[in-house]
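Architecture at a glance
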Amino acid sequence: MRIGLLTEGGYPYASGESQAWCDRLVRGLTGHDFEVYALSDGPRRDAPPRPELPRHVRLVRSAPPGDGFPAGRRRAGEPRRGRTPGRRERRRFAECFGALVAAFATAPPGGEPANPVVQARGAARGGAPAGYPPAASGGAPDDVVTSKADRFADGLYGLAELAREHRGLPALLRSEDAVRLLEAACHGPRALPAASGAQVDDLLAVTAGLARALLPLSLDWYGDRHTPGLGGVDLCHATSGGAAALPGLLAKHFFATPLLVTEYGVRLREHYLARATAPLSAPVRALLAAFQGALAAETYEQAALITPGNTHTRRWQERCGADRARLRTVYPGMDAAPFAAVADAATDDPKTLVWVGTIEPAKDLIALLHAFAEIRKAEPEATLRIVGGVGRDPQAAGYLAHCRALAAQLFPDEAADTHSVGESPVSFEEVGSPEVPTLADAYASGAVVVLSSVIEGFPRSLVEAMFCGRATVSTDAGAVCEVIGGTGLVVPPRNPRALAEACTALLGDPDRRARLGAAARARALELFTVEQNVAAFRGIYLELISHAPARPAACGARDARGVPQPFARPAESHVPGRWAATGAATRAAVPAARDAARDAVSATPAAVPADRTPSWAVPAQERTAALPVPAGGGTEGGEAADVRGARQSVRWGGGGDRTGVTGAKERAQERGQW
């Protein structure tokens, strides 16, 4: 089948774990053809050369997700005399954009819930969401919430239809009309409290953000008379929510293409965390967050299946309106081969703690350094190796400098005697340095791997440590408990004393470390390998296609009335070979082949024409039309008898043939033995 893989900022150009996971998935599913549609700026000049894509990646289309949106990648609209949108387009835009804005920028009557549009789908499935008044006899609150979600969908798809017909949607989204519509919603009687005080600068910032978020509506990815695009794929697989899933929503709306959404990190949560530190006013943050929440709710509603990477992500999706019946946890697959040798080797130093990750405030290395000060009191020979580079957080570089200064203050350089050079028990290193050439070397150097995060998604460093057979001490954040599953020690976050006690207990008990490490490796090999991830998605692809209705655009066979016949030709007829030939030439050759077989059957009773099309490869109406009609007419029963006789002549030999089963019957009857 043809899979449309929808990515944002990753595969196939950017490096990182998202790119690595997509590459492993594509290379593992060699039985399908992939078309990659990436919201990315393309390969960077300073980026390392990407590996060659597999042969079954048939197409790669990319478009920048930001302001740099070249006109050559926009959808080609209908030719018009004027270059600017006309009165009809502006009126349609006002209706659609007004419905979109009213859906997320206003609160329903009766109070404002935490996120009204996000909870709309849950309310539609029964019961008013938290924050709404109890439903009256007519179910008015549910109707109000459902209508808000429907208005958002109507506005979104209305803008998409406008983009299909007219290429000026990006200009309309940044026009004065868009600002006035947003202003009317923010200053209306039902405006969100946080957005009611929006000024002109705030409105301009919000319209610019909405224009960037809705750029996929104007892309030329959805097919035309020359290229099928997403209209020709069998399944759309969005590797994240948000902007990456928006092309899948349009393919679902216009072509009924099933949509699969995979989230290993909730896009809405990432948006909340990024906007919290961005230099934006409160109305801008509130309105953009409300739009992203409404988009997430619509994505979860339209997706045929949603595959979170862990229970932590699953809870976020349920809170954002995802239906539990369409949620299926699929753990991200990781390559265990680079760490196989570490599990069989002894620890370099039984008194060494190792921390691996990206250095940023969310990792809480400050608490780890204070905990290590307590560990040194019980284990004076203990050392701590912090392995990792600076993260994407703007504060990461300053945070690393602060951690270095704190380590120098808590652990001044120590020397064994007056003639030795002092060394600190805490070291800051990076993978690729002479001391730590690879990640496997980092894990091999320690006896216990530590995780001290206060905010965590899927803890990849823990899984890598489990592949290496190392005992772990972690804080209870994100999906840590789900990943560890009883094979390591878990302590509360921001508790240096508890972290120190757990590390001290493992450093002093090598047998316990060995037992926990062996159990952790067995759990990781069972749940978190590439093989299990690829096998899970292989089954999901086939399941979704088997449940998807036949799409008229993809069905070529039709009856006399023009009704599509999706099962007119069975799947076996698509197998390459002579039997898969179709068309008028094949239909004309069928009666000729049967006549030739009937003439030659007396000489070679078991012969069958080599170029004969099997019956299962020819539709029923074609088989009926291809059967010979006896001259002179006859009754329906006579025609059926002639047909049966012709088939028996071909299969067993014609009249007078006494070599087949019929001949054996006749000879036995003559001898009186039948």
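All figures in this text were calculated on a predicted structure; none of them were measured in a lab. (Residues numbered from 1 in each chain as written. Predicted model: local features only at pLDDT ≥ 70, side-chain atom pairs only at ≥ 80, totals over all residues. Heavy atoms only, no water.)

1. Considerations on the side chain of E298
- Secondary-structure assignment places E298 in helix α10 (residues 282-302).
- A distance of 2.8 Å separates a polar atom in the side chain of E298 from a polar atom in the side chain of Y157. (Helix = DSSP H or I, 4+ residues; strand = E, 2+ residues; numbered from the N terminus. Polar contact = N/O pair within 3.5 Å; in protein donor to acceptor, adjacent residues only side chain to side chain.)

2. Regarding the sheet that holds strand β3 (residues 57-63)
- Within the open sheet, the six strands sit side by side as β3-β2-β1-β4-β5-β6. Their pairing is parallel. Strands at the two margins of the open sheet, each flanked by one partner only, are β3 and β6 (305-308). Between one strand axis and the next, the sheet turns by 15 degrees as a mean value, whatever way the strands run.
- Here strand β4 (residues 235-238) runs beside strand β5 (residues 259-263); their pairing, made up of three bridges, is parallel. (Pairing = 2+ DSSP bridges. Axes fitted to C-alpha atoms, helices over the stretch in contact; angles between N-to-C directions.)

3. Digging into the nonpolar core
- Grouped together as the largest cluster of nonpolar side chains are 70 residues, with contacts concentrated most on F104 and L156.
- In this structure L156 touches L100, L214, L217, L246, L249 and L295, once residues within four positions along its chain are discounted.
- Formed by 36 residues, the second largest nonpolar core is a distinct cluster that contains I359, A371, I386 and V473. (Core = buried A, V, L, I, M, F, W, Y, C linked by side-chain atoms within 4.5 Å. Buried < 20%, exposed > 50% of the residue type's maximum accessible area, 1.4 Å probe, protein only. Contact = heavy atoms within 4.5 Å.)

4. Description of the packing of aromatic side chains
- The final tally for this structure, using the stated rule, is 13 aromatic pairs.
- When the centroid spacing of 5.1 Å and the interplanar angle of 80 degrees are considered together, the rings of Y331 and F528 count as edge-to-face. Pair noted here: Y331 is in the loop between α11 (311-319) and α12 (340-344) and F528 is in the loop between α19 (510-527) and α20 (530-547), with a separation of 197 residues, a long-range link. Exposure class is identical for Y331 and F528. Each is buried. (Phe/Tyr/Trp six-rings, centres within 6.5 Å; stacked < 30°, edge-to-face > 60°.)

5. Some words on unusual backbone geometry
- Not every positive phi belongs to a glycine, and A256 is a case in point at roughly 60 degrees.
- Tracing the backbone shows A256 in the loop between α8 (246-255) and β5.
- A relative accessible area of 37% places A256 in the partly exposed class.

6. Digging into the packing of helix α18 (residues 496-507) against α19
- At a minimum axis distance of 6 Å, the contact between α18 and α19 shows a crossing angle of 100 degrees. With respect to their mutual orientation, α18 and α19 come out roughly perpendicular. Here A505, L506 and L507 of α18 come into contact with α19, specifically with P510, R512, R513 and L516.
- When grouped by side-chain class, the residues that make up the contact of α18 with α19 number five nonpolar, no polar and two charged. (Parallel < 35°, antiparallel > 145°, perpendicular 65-115°, else oblique. Nonpolar A, V, L, I, M, F, W, Y, C, P; charged D, E, K, R; others polar.)

7. With respect to the pairing of β5
- Buried residues dominate β5, accounting for five of its five residues.
- Where burial is concerned, the two faces of β5 agree: the one with L259, V261 and E263 and the one with L260 and T262 are both buried.
- Note on the crossover from β4 through α8 to β5: the handedness is right-handed.
- Two strands pair when backbone bridges link them, and β5 and β6 are joined in this way by four bridges, in the parallel orientation. Each residue of the ladder has a partner; that of V261, found in β6, is I306. (Right-handed = clockwise from strand over helix to strand, strands pointing away.)

8. Section: helix α2 (residues 87-105)
- Over its 19 residues, α2 runs 26 Å from end to end, which matches the ideal 27 Å to within 8%, given 1.5 Å per residue.
- Taken together, the buried positions of α2 are occupied by E89, R92, F93, C96, F97, A99, L100, V101, A102, A103, F104 and A105. (Expected span 1.5 Å × (residues − 1).)

9. Description of the sheet that holds strand β9 (residues 426-429)
- Reading across the sheet, the six strands line up as β9-β8-β7-β10-β11-β12 and stay open at both edges, with parallel pairing between neighbours. At either end of the open sheet lies a strand with only one pairing partner, and these are β9 and β12 (489-491). Neighbour-to-neighbour, the strand axes of the sheet open up by a mean angle of 20 degrees, direction not taken into account.
- Where strand β7 (residues 352-356) meets strand β8 (residues 383-387), five bridges bridge the pair, whose relative direction is parallel. Looking across to β8, one finds that V356 is bridged to V387.
- In this fold α18 packs onto β7, β10 (448-451), β11 (471-475) and β12, with an angle of close to 175 degrees to the strand it touches most, β11.

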